[in-house]
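One-letter residues, chain by chain:
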Amino acid sequence: MPASAPEVVARMKEHHNRKKNMFFGHFDRISLSSKLVACTIAVLLIGVSVISFSIRALVSNYMLSKTDNQLKSQSQMVFENIVTLAKNDNAGPNSYFLQIQYTDGTLDNEGNPLVVTPLMPQLQDGIVSVPVLPTDGDTSGITFGQPFTTQAVVKQVVQVQNNSSDSNNTTKPQTDPNTQDDAGNDAGNSGSKNAPNSSNSVTTILSNPSSNANHAAVSTARSPWRILPMTFTENGKERAVVYIGLSLSDQIDIVSTLSRYCVVVGIAVVLLGGSLATLIIQHTMTPLKRMEKTAAKIAAGDLSQRIPSAPENTEVGSLAASLNTMLTRIELSFHEQEETTDKMKRFVSDASHELRTPLAAIHGYAELYKMQRDMPGALDRADESIEHIERSSQRMTVLVEDLLSLARLDEGRGIDVTGTVKLSSLVTDAVDDLHALDPDRAIGRMLIGLEPARDLDHPASLSLTEGDWPTITLPGDASRLRQVVTNIVGNIHRYTPIDSSAEIALGVIPAAIDPKQLSGLPATDASMRRFVEAAEVGASMSTGYRYAVLRFVDHGPGVPDESRPKIFERFYMADPSRAREKGGTGLGMAIAQSVVKAHHGFICATATDGGGLTFTVVLPIEQMPAAQSAQTAGKTKEAKQKSSWFGGERKS
């Protein structure tokens, strides 16, 4: 059954798409450098071809125009000097062709309208080129005074006869039956209006060129002619049509030579351009090949690899810089993910271990109670078991609450930073709590400030001096900040001797550092040094943010240098057995750091001069006003609304 028209169209489309996909499939397998080289060579070929054809056309038109101008300017001179020029047909400077076709009724020997060709340049071996012209004075299709191009017929001179006659009419040429054209009559009578009554006549007999004729002459004779048609008028009467022509052989030869030069030069340009394009493209592709090798190494798992840099004002350099930035972020994110995974594994392991200890104690004492309940004195032993079970459950309750707090802080819940905190009152309460826990401990209230650098050996630092604490109010969650202070004070109580002194300092320090940038710093001595440097810049330039700085200094056993950065890790305990005896869970400092970071602050632990541990907490208050309004800021401070950098607004 023949297929319907829609099926045929669908098959044709499917066949076309298959062919197209096959073509592009093969095309896509070609390397980019090969495509670029091929495109460059194609563009060069097209450009050279267009330029060559344009040059050929321009030169041809120019030379044709020059030939036309020569014919128009010298036509009358040629016509009036036919005799002189006719003598130079065989040898000499004559290159003009001239033919006179009488239209006044003058006839030749055969009774046809007389045609006289006084000028016909001859080439080697008697080869002549005869242009194809209208016959019998026919002027249809031509315009007098307007040159036109016509083809030529190649002939060879076989005989020349000289005759004389006495007649008022021009001597008519004799015609050979084997010839296709005649030439040669009285030149003087034909080329002048006032011709003499008697003259000599020359009859030239032409035939087809012989086989041994000069090939170059025959090839030249085949060139077309540029003919200028004119009218011959005598005594006010039009007698004949005159055709004056110049052969275009020289022009064709020049154009052919120029074309050959253009072809040779074009081939050289294409070859040279293709070679240079290949070298340049290969050199340009070298960074891309290096990128490919680097990508392969990265895919193999080596994230430390980087693409060699290049000038960023180039496409490859810009791409390399962007890729290196991306690779750096990927590597950092990968390491952070690895660290997070490791921390999570340690956290789960430590949490399981910490929860297993009280659960094991509860289970053990419960089993002990069952074993001893029927024995004498079981009631006293039961009270002891219940007491141990209660302590273990309390420890587990504290641990679970701390874990829940950390989980909420990690999720951004359980904290409200839009409130207002009177930090000075909060710290005063913490000092009172420490006095209540350790009545014999000497606690000093100090004022913290910035001590400028004296020289390279004595850089800027935070100094403690005696003085009253300023009233500090900042945006944040009061209960969570109180938990931070309580955890630090609790560590001082648990891990330092009761007879060792402690200092708690509070102050406001400007610093030229953004709170978000500050909260991202690790809890190390280098980060503390960076904050001090920013504080030095902020104090000198009166720019940046105002920060509340809180410092707790103890003079206990301290923590080794290599262990101080681990203080804020979850479940880290410098002395686990002692920590459990004191009721610690190893989560207090982790919670403190999470709370401080939620306030976009900074906390770190450093060594105390002379031994001990110092905790420094930095919390942002507000952004400093612009320098222009610094002088009037104090006068209008009471009436202004100060915007919190958290995004809300509050009254000062």
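Residues numbered from 1 in each chain as written. Predicted model: local features only at pLDDT ≥ 70, side-chain atom pairs only at ≥ 80, totals over all residues. Heavy atoms only, no water.

> Explain a nonpolar patch on the surface to me, please; I cannot follow it from the model alone.
Residues Leu32, Leu36, Leu288 and Leu319 make up a contiguous nonpolar surface patch of roughly 300 Å² in combined accessible area. Note that leucine 319 resides in helix α7 (residues 315-372). Residue class for leucine 319 comes out partly exposed when judged on its relative accessible area of 38%. (Patch = residues over 30% accessible without salt bridge, like charges linked within 9 Å, V, L, I, M, F, W, Y side chains within 5 Å. Areas by Shrake-Rupley, 256 points an atom, 1.4 Å probe, with all protein chains shown as cover. Salt bridge = Lys/Arg side-chain N within 4 Å of Asp/Glu carboxyl O. Helix = DSSP H or I, 4+ residues; strand = E, 2+ residues; numbered from the N terminus. Buried < 20%, exposed > 50% of the residue type's maximum accessible area, 1.4 Å probe, protein only.)

> Got a minute to help me understand helix α9 (residues 423-437) in this structure?
What sets the pattern is the α-helix's 3.6 residues per turn: residues three or four places apart point alike. For α9, spanning 15 residues, the distance from its first C-alpha to its last is 21 Å, which sits close to the expected 21 Å at 1.5 Å a residue. Of all the residues in α9, the buried ones are Leu423, Ser424, Leu426, Val427, Ala430, Val431 and Leu434. Seen from one end, α9 has its buried residues packed into an arc of 160 degrees, which puts them on one side. (Expected span 1.5 Å × (residues − 1). Arc of directions from axis to C-beta.)

> Is there a simple way to explain the sheet that holds strand β17 (residues 613-623) in this structure?
To summarise the sheet geometry, strands pair through backbone hydrogen bonds and adopt either a parallel or an antiparallel arrangement. The strand order across the open sheet formed by six strands is β12-β11-β14-β15-β17-β16, and the pairing between neighbours is mixed. On the outer flanks of this sheet lie β12 (461-466) and β16 (602-607), each paired with one strand and no other. If you compare each strand with its neighbour and ignore which way they point, the axes differ by 25 degrees on average. Direction of pairing for strand β11 (residues 443-451) relative to strand β14 (residues 502-511): parallel, over a ladder of five bridges. Residue pairing across strands places isoleucine 443 opposite alanine 502, the latter belonging to β14. Across the sheet, α9 touches β11, β14 and β15 (545-554), and the angle it forms with β11 is around 140 degrees. Contacts between helix α10 (residues 478-495) and the sheet are confined to β14, β15, β16 and β17, with β15 contributing the most and set at about 25 degrees to the helix. (Pairing = 2+ DSSP bridges. Axes fitted to C-alpha atoms, helices over the stretch in contact; angles between N-to-C directions. Contact = heavy atoms within 4.5 Å.)

> Sorry, what's going on with the pattern of salt bridges here?
A side chain with one charge may pair with a side chain of the opposite charge, provided their charged atoms come close. Scanning the entire structure with this criterion turns up 10 salt bridges. Linking arginine 441 and aspartate 438 is a salt bridge whose minimum nitrogen-to-oxygen distance equals 2.9 Å. We note a salt bridge from aspartate 525 to arginine 564, for which the minimum N-O separation is 3.5 Å. In this pair, aspartate 525 is assigned in helix α12 (residues 525-541) and arginine 564 in the loop between β15 and α13 (576-582), connecting sequence segments 39 residues apart. Sharing partners across several salt bridges, the network here consists of Asp104, Glu234 and Arg239.

> Teacher, can you tell me more about the packing of helix α2 (residues 32-80) against helix α6 (residues 249-299) here?
Helix packing geometry: the angle between the two helix axes and the distance between the axes. Running from N to C, α2 and α6 point in directions that differ by 160 degrees, and their axes come no closer than 9 Å. Taken together, the axes of α2 and α6 are roughly antiparallel relative to one another. In this structure, the crossing between α2 and α6 has a hand that is right-handed. The class makeup of the residues in the contact of α2 with α6 is 19 nonpolar, 11 polar and one charged. (Parallel < 35°, antiparallel > 145°, perpendicular 65-115°, else oblique. Left-handed = near helix turned anticlockwise from the far one by under 90°. Nonpolar A, V, L, I, M, F, W, Y, C, P; charged D, E, K, R; others polar.)

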